[in-house]
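# Fold and geometry: a report
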Amino acid sequence: MRLPIDIGRNELLWFGVTGLLFLILLYFADVSQFLDSLRRADPRPFAVAVAVGFSSLLVWAWVWHRFFGEMGIPSTRSRTVRMFLTGHFLNSITPLGQFGGEPIMAYIVSDNTGTDYERALACVISADILNAAPFFTFTLGGVVYLSVFGSLTGLLVEVGALSVVLLVVGGTVAYLLWSDDDTLRSAATRLLNGLERRLGRAEALFESLHDRVTTIEGAFQEAGNDPVFLLKTAAVSHLAIVAQIVSLYFVFRSLGLEPEFVPLYFIVNLSVIATISPTPGGSGTYEAAFSALVTFFFSVEFATALTAAVLFRLTTYWPGILVGYPSLLTLKRLDSDSITE
């Protein structure tokens, strides 16, 4: 399967930035203390952390499969998992992959199922909306819990406000995409009409773009026309975050720490914001943010916090890369025998 991926000079630059960030983190953590923390980690609870952490990827792949079934896209469960892991792999190794990696993932789905690209794109974006929402609903729920039963610091108040804003914005976008409201299509149409008038040519191109906008709108409406389906799928997608919280618990146990639930809850949900960075998979920035959160909630040295960050990524991020590459190699173009149950 040939994919539209080309690693050039700019991409190599971001890999270099990632390496530099890791070196800076190691400098502040003290390399000897960091390596000592790694050597002291107990492999038994860490093995449990890896198994539980990897299950979060399977939950997200299940959400994909649910949307495939809802939109009539032919795929077996195993093929869906391989397509998801391939997309996860490409997003994780490609700088800027976290910024709109859905077009590449939609290409993978279209190429391996024979589905129109527009339908594949609507399916992938819809699934990713439901997979991303739990990070913000969990964060908001935690802030509400602390406001009632505990105490809120200035940081958590700001985090709660940000979560509300993101949920409102995300919910509004999801509604406009999935409902029969033609606000987004009308806006896109006005934009295209304005460009066409300004250019005064390429009528065939703009006609094609208008048709694609209409097709994409219909695909999104199909993806979101059943509220019960969306609610059930969103409820199950929250299990991925639960799995990551449990995984972090065993990571801390492997380091000989006795973690409390509330800090684990917030570290997992807040650190995800750092994945939205130009570096491949958010590498470097994620570990920095995660380590800072650990030292915020726990009285531990930065070397221990960085060790926890690295070990946690080895349970939820690197396994997806390790199995994602073989998944990419096993994917083939549409074969009627391979996509039927």
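To keep things clear, this report deals only with the structure shown in the data block.

Here we take up the overall build of the protein. When its secondary structure is counted, the protein shows 14 helices and 0 strands. Reading the protein from its N end, one meets helices and strands in the order α-α-α-α-α-α-α-α-α-α-α-α-α-α. Within the span of the protein, comprising 341 residues, buried residues form 43% of the whole. For the protein, restricting intrachain contacts to residue pairs at least 6 apart in sequence, the fraction spanning at least 24 positions comes to 75%.

So, about the packing of helix H4 (residues 77–93) against helix H5 (residues 102–113). Axis separation between H4 and H5 bottoms out at 9 Å; the angle between their running directions is 150°. Judged by the inter-axis angle, H4 sits roughly antiparallel to H5. Taken as a pair, H4 and H5 cross one another with a handedness that is right-handed. Within the contact between the two elements, H4 uses Arg79, Met83, Phe84, Thr86, Gly87, His88, Leu90 and Asn91 and H5 uses Ile104, Met105, Ile108, Val109, Asn112 and Thr113. Looking at the contact of H4 with H5, its residues break down into 7 nonpolar, 6 polar and 1 charged.

Opposite charge on two side chains permits pairing when their charged atoms draw close. Tallied over the entire structure, the rule returns 4 salt bridges. One salt bridge in this structure joins Asp42 and Arg44, with 3.3 Å as the shortest N-O distance. Taking relative accessible area as the criterion, Asp42 reaches 24% and is therefore assigned partly exposed. A salt bridge links Glu258 to Arg253; the nearest nitrogen and oxygen atoms lie 3.7 Å apart. Taking the relative accessible area as the measure of exposure, Glu258 reaches 61% and is therefore exposed. Arg253 gets classed as partly exposed once you look at its relative accessible area, which sits at 35%.

Conventions and cut-offs
- Residues numbered from 1 in each chain as written.
- Predicted model: local features only at pLDDT ≥ 70, side-chain atom pairs only at ≥ 80, totals over all residues.
- Heavy atoms only, no water.
- Helix = DSSP H or I, 4+ residues; strand = E, 2+ residues; numbered from the N terminus.
- Buried < 20%, exposed > 50% of the residue type's maximum accessible area, 1.4 Å probe, protein only.
- Contact = heavy atoms within 4.5 Å.
- Axes fitted to C-alpha atoms, helices over the stretch in contact; angles between N-to-C directions.
- Parallel < 35°, antiparallel > 145°, perpendicular 65-115°, else oblique.
- Left-handed = near helix turned anticlockwise from the far one by under 90°.
- Nonpolar A, V, L, I, M, F, W, Y, C, P; charged D, E, K, R; others polar.
- Salt bridge = Lys/Arg side-chain N within 4 Å of Asp/Glu carboxyl O.

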